[in-house]
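Chain by chain, the residues run as shown.
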Amino acid sequence: MGRETESWASSEAVRKSMRSNKGRDTKPELSLRRAVHALGLRYRVGIRPVKSVRRTADIVFTKAKVAVFLDGCFWHGCPLHHTVAVTNAGFWAEKVRRTRERDAETDQLLKEAGWRVLRVWEHEDPADAAKRVAILLGKAVERPS
C-alpha cells in the first residue's frame, strides 16, 4: 500500500523532528511581520515575487517590488550562528551550501526582474529589521531620541 523509501534521516527520531519544522509562520517570521505591520506597512505573505521563478519570499511589497526573505541561521549558514551538524555532517554541509547558492541565484533573478531584495537573519532584532524594510521602501522611520 504505502511507498517505502530509504530515509535521509539518521534515525526515526531525527526524521520526525525534521518533518515537524515549519515552512512558514515561524516565530521569527511572525515577529518580523508584526514589527513591519507596526510601522504601518502593508504587505503580502508567502508569494512568488516573479511568477515564472519558483521562489517564494516571506514578505512581499508588490507595488514597490521589494521582496524580504527571513533566513534561518542553521538552514542558510549564518556566519555568526551556523552550527556544524555532528550527524550526517557531509549531507548537511552540502545542503547548506546548495541553499546559499540558491539564495544568491534567487537574489540575482529577482534583481534582473527589477526587484529589490532584503535578506534578514532570524537572529536579528525584528524592530531593527523592520526599520531596514521601511528604509528600503523609502518610508520615514522614527529615530529614537
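Our structure is the block above this text.
Here the structure is a predicted model, which means the values were calculated and not measured.

Conventions and cut-offs
Residues numbered from 1 in each chain as written. Predicted model: local features only at pLDDT ≥ 70, side-chain atom pairs only at ≥ 80, totals over all residues. Heavy atoms only, no water. Axes fitted to C-alpha atoms, helices over the stretch in contact; angles between N-to-C directions. Helix = DSSP H or I, 4+ residues; strand = E, 2+ residues; numbered from the N terminus. Parallel < 35°, antiparallel > 145°, perpendicular 65-115°, else oblique. Left-handed = near helix turned anticlockwise from the far one by under 90°. Contact = heavy atoms within 4.5 Å. Nonpolar A, V, L, I, M, F, W, Y, C, P; charged D, E, K, R; others polar. Polar contact = N/O pair within 3.5 Å; in protein donor to acceptor, adjacent residues only side chain to side chain. Core = buried A, V, L, I, M, F, W, Y, C linked by side-chain atoms within 4.5 Å. Buried < 20%, exposed > 50% of the residue type's maximum accessible area, 1.4 Å probe, protein only. Phe/Tyr/Trp six-rings, centres within 6.5 Å; stacked < 30°, edge-to-face > 60°. Pairing = 2+ DSSP bridges.

**Student:** Sorry if this is basic, but what is going on with the packing of helix α2 (residues 27–38) against helix α5 (residues 126–137) here?
**Tutor:** Each pair of packed helices can be summarised by the angle the axes make with each other and by the distance between the axes. At a minimum axis separation of 8 Å, α2 and α5 run at an interaxial angle of 55°. On the basis of their axis angle, the class for α2 and α5 is oblique. Crossing geometry of α2 relative to α5 is assigned as right-handed. In contact with S31, L32, A35 and V36 of α2, α5 contributes P126, A127, A129, A130 and V133. The residue makeup of the contact of α2 with α5, split by class, is 8 nonpolar, 1 polar and no charged.

**Student:** Just to check I follow, could you spell out the side chain of R119 for this structure?
**Tutor:** Mapped onto the fold, R119 is located in strand β4 (residues 116–121). Within the structure, R119 has its side chain in polar contact with the side chain of D71 (distance 3.0 Å). Once residues within four sequence positions are removed from consideration, R119 is found in contact with F69, D71, D103, T106, D107, E124 and R132.

**Student:** Quick question: what am I supposed to make of the nonpolar core here?
**Tutor:** One broad trend across soluble globular proteins is that nonpolar side chains are buried collectively. Membership of the largest hydrophobic core comes to 17 residues, with the highest contact counts inside it found for L32, V36, L41, F61, V68 and V133. Counting only elements with at least two residues in this core, the list comes to α2, β2 (57–61), β3 (66–71), β4 and α5. By residue number, the principal contributor to this core is α5, which donates 5 residues.

**Student:** Could you clarify how one ought to interpret the packing of aromatic side chains in this entry?
**Tutor:** Each aromatic ring pair is characterised by the separation of its centres together with the angle its planes make. All chains considered together, the criterion is met by 5 aromatic pairs. Between Y43 and F61 the ring centres are 6.1 Å apart and the planes differ by 70°, which places this aromatic pair in the edge-to-face class. You can see Y43 sitting in the loop between α2 and β1 (44–47) and its partner F61 sitting in strand β2, a full 18 residues away along the chain. We classify F61 as buried; its relative accessible area is 7%.

**Student:** How do you make sense of the environment of R100 when you look at a structure like this?
**Tutor:** One can find R100 in helix α4 (residues 89–112). By relative accessible area, R100 is classed as partly exposed at 44%. Each C-alpha atom of the pair R100 and W75 lies 8.7 Å from the other, and the pair is 25 residues apart in sequence. Among all residues touching R100, those that are not within four sequence positions of it are H76 and G77. Of the polar contacts made by the side chain of R100, one reaches the backbone oxygen of H76; its length is 3.4 Å.

**Student:** I would appreciate a short explanation of the sheet that holds β2 in the present structure.
**Tutor:** Backbone hydrogen bonds hold the strands of a sheet together, and the pairing may be parallel or antiparallel. Pairing within the open sheet is mixed, and its 4 strands lie in the order β1-β2-β3-β4. Two strands in the sheet have a free side with no partner beyond their single neighbour: β1 and β4. Ignoring strand direction, the axes of neighbouring strands in this sheet form an average angle of 30°. Across the face of the sheet, α2 comes into contact with β1, β2 and β3 while running at roughly 15° to β2.

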